[in-house]
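Read off the chains here:
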Amino acid sequence: AMEADILLFMGQSNMAGRGDYRLAPEVLPGAAYEYRAVTEPDTLVPLTEPFGVNENREGGVFEPGMKTGSMAAAFVNACYRKTGRPIIAVSCSKGGSRIQEWQPETPYFKDAAARYQACLSFVQSRQIAVHSTGMVWCQGCTNADDGMAKAEYKEKTMAFFQAVKSLGVDKIFLIQIGNHREFPDRYVPMQEAQEEIAEEMEDVIMTSRLFRTFRDRGLMKDSFHYKQEAYNLVGEEAGARTGEILTKEAGKTKL
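Here is what the cut-offs are and how they apply
Residues numbered from 1 in each chain as written. Predicted model: local features only at pLDDT ≥ 70, side-chain atom pairs only at ≥ 80, totals over all residues. Heavy atoms only, no water. Helix = DSSP H or I, 4+ residues; strand = E, 2+ residues; numbered from the N terminus. Contact = heavy atoms within 4.5 Å. Areas by Shrake-Rupley, 256 points an atom, 1.4 Å probe, with all protein chains shown as cover. Core = buried A, V, L, I, M, F, W, Y, C linked by side-chain atoms within 4.5 Å. Buried < 20%, exposed > 50% of the residue type's maximum accessible area, 1.4 Å probe, protein only. Pairing = 2+ DSSP bridges. Phe/Tyr/Trp six-rings, centres within 6.5 Å; stacked < 30°, edge-to-face > 60°. Polar contact = N/O pair within 3.5 Å; in protein donor to acceptor, adjacent residues only side chain to side chain. Axes fitted to C-alpha atoms, helices over the stretch in contact; angles between N-to-C directions. Parallel < 35°, antiparallel > 145°, perpendicular 65-115°, else oblique. Left-handed = near helix turned anticlockwise from the far one by under 90°. Nonpolar A, V, L, I, M, F, W, Y, C, P; charged D, E, K, R; others polar.

(A) Molecular detail of the overall build of the protein. A count of helical and extended segments in the protein gives seven helices and seven strands. Across its three principal axes, the protein shows a C-alpha extent of roughly 50 × 40 × 35 Å. Excluding contacts between residues fewer than 6 apart, the proportion of contacts in the protein whose partners are at least 24 apart in sequence is 79%. With the model as given, the accessible surface of the protein reaches about 10200 Å², and the carbon-plus-sulfur share is 50%.

Right, dumping it as structure tokens:
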């Protein structure tokens, strides 16, 4: 039987991807499959960019046509090179989303939980052995734009992470947010909160801080978003780090 790692890719627009899919790397053969919980729940599709573009649920995570090229392809390639195990990837990210919109009982959280449960049911039906499950998370820009206090952002993010772990997700692979192009200090409180959460919470691992470097490298395409090259670089670093963690883990191989 095939053995795989399940990864949920969640957060706001820089996880969803506002790049150019034509400049994303080709996914290595057998490295990753997208589980399309909304549009094709009975199959696995080799992962391609723009990842998750059609996974839109009315009343849940819904942003048709907005996902134009993400970090996912670079991420899964780098992760697979470390683990040698395919990744089953589930997209559930929403541009502009605030941390309060991801709390338990919200439409976004319920949608994410439903996508995850559907994926678990699917892999069980196909006798795919699950080595481990994780969430890759990148979010915080909108809360910083709103002026949310660092302490509140930290508390709400930790509550959300705890709820994700309660679904049975083993690890949270955190990707730190970058900077606003015109107001580079605006996102620092959220970056600090993310550092503290990774320090304090078990099973939360900081996998990349590269977004912070891209403003000065000219890799932003507007005030908030990045060029595809930047998404590729973050994906590669975060995916490699994630693959290292997953290689060290004994895994639970639940059928």
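(B) Focus on the nonpolar core. Core analysis: the largest hydrophobic core is formed by 80 residues, its most contacted members being Met 135, Phe 160 and Phe 161. For this core, the element with the highest residue contribution is helix α3 (residues 107-125), accounting for nine residues.

(C) Representation of the pairing of strand β6 (residues 171-175). Among the five residues that make up β6, five are buried, leaving the element largely enclosed by the rest of the structure. Of the two faces of β6, the one carrying Lys 171, Phe 173 and Ile 175 and the one carrying Ile 172 and Leu 174 are both buried. As paired elements, strand β5 (residues 129-138) and β6 share four bridges and run parallel to each other. Paired with Trp 137 across the two strands is Leu 174, which belongs to β6. With four bridges joining them, β6 and strand β7 (residues 204-208) adopt parallel strand pairing. Residue pairing in the sheet places Ile 172 in a bridge with Val 204 of β7.

(D) View of the packing of aromatic side chains. This structure, assessed with the given rule, holds 15 aromatic pairs. The interplanar angle of 85° and the centroid separation of 6.3 Å between the aromatic rings of Trp 137 and Phe 161 together place this pair among those described as edge-to-face. Linking Trp 137 in strand β5 with Phe 161 in helix α5 (residues 150-166), this pair joins segments that are 24 residues apart in sequence. The class of Phe 161 is buried, set by a relative accessible area of 0%. Where Tyr 226 meets Tyr 231, the ring centres are 6.2 Å apart and the plane angle is 80°; that geometry is what we call edge-to-face. Neither residue differs from the other here; Tyr 226 and Tyr 231 are each classed as buried. Here the aromatic cluster, defined as three or more aromatic residues joined through ring pairs, consists of Trp 102, Tyr 108, Phe 109, Trp 137, Phe 160 and Phe 161.

(E) Broad picture of the side chain of Gln 103. Tracing the chain through its elements places Gln 103 in the loop between β4 (87-93) and α3. Here Gln 103 falls in the buried class, since its relative accessible area comes to 15%. Among the polar contacts made by the side chain of Gln 103, one reaches the main-chain carbonyl oxygen of Ile 99 at a distance of 3.1 Å. When near neighbours in sequence (up to four residues on either side) are disregarded, Gln 103 contacts Phe 109, Lys 156, Ala 159 and Phe 160.

(F) Examining the sheet that holds strand β2 (residues 32-36) more closely. The strand order β3-β2-β4-β1-β5-β6-β7 describes an open sheet built from seven strands, whose pairing is mixed. Two strands lie at the open edges of the sheet, namely β3 (40-46) and β7, each paired on one side alone. The mean inter-strand angle of the sheet, taken between neighbouring strand axes irrespective of direction, is 30°. Of the pairings in the sheet, the one linking strand β1 (residues 3-11) to β4 comprises seven bridges and is parallel in character. Pairing of Leu 8 across the sheet is with Val 90, part of β4. Across the sheet, helix α2 (residues 72-83) is in contact with β1, β2, β4 and β5; its angle to β1 comes to roughly 150°. Of the strands in this sheet, β6 and β7 touch helix α6 (residues 188-200), which is tilted by about 130° from β7.

(G) Local environment of unusual backbone geometry. With an omega of 0°, the peptide bond between Glu 49 and Pro 50 qualifies as cis. Positive phi values are uncommon outside glycine, yet Gln 127 reaches one of about 55°. Take Gln 127: it is sitting in the loop between α3 and β5. Not every positive phi belongs to a glycine, and Asp 203 is a case in point at roughly 70°. Residue placement: Asp 203 occurs in the loop between α6 and β7.

(H) Region of the structure containing the packing of α2 against helix α7 (residues 228-248). The geometry of α2 relative to α7 is characterised by a closest axis approach of 7 Å and an angle of 30° between their N-to-C directions. When the axis of α2 is compared with that of α7, the two are roughly parallel. Two packed elements cross with a definite hand, and for α2 against α7 that hand is right-handed. Here Ala 74, Phe 75, Ala 78, Cys 79, Lys 82 and Thr 83 of α2 lie close against α7, whose contacting residues are Asn 232, Gly 235, Glu 236, Ala 238, Gly 239, Ala 240, Thr 242, Gly 243, Glu 244, Leu 246 and Thr 247. Per-class residue counts for the contact of α2 with α7 are seven nonpolar, seven polar and three charged.

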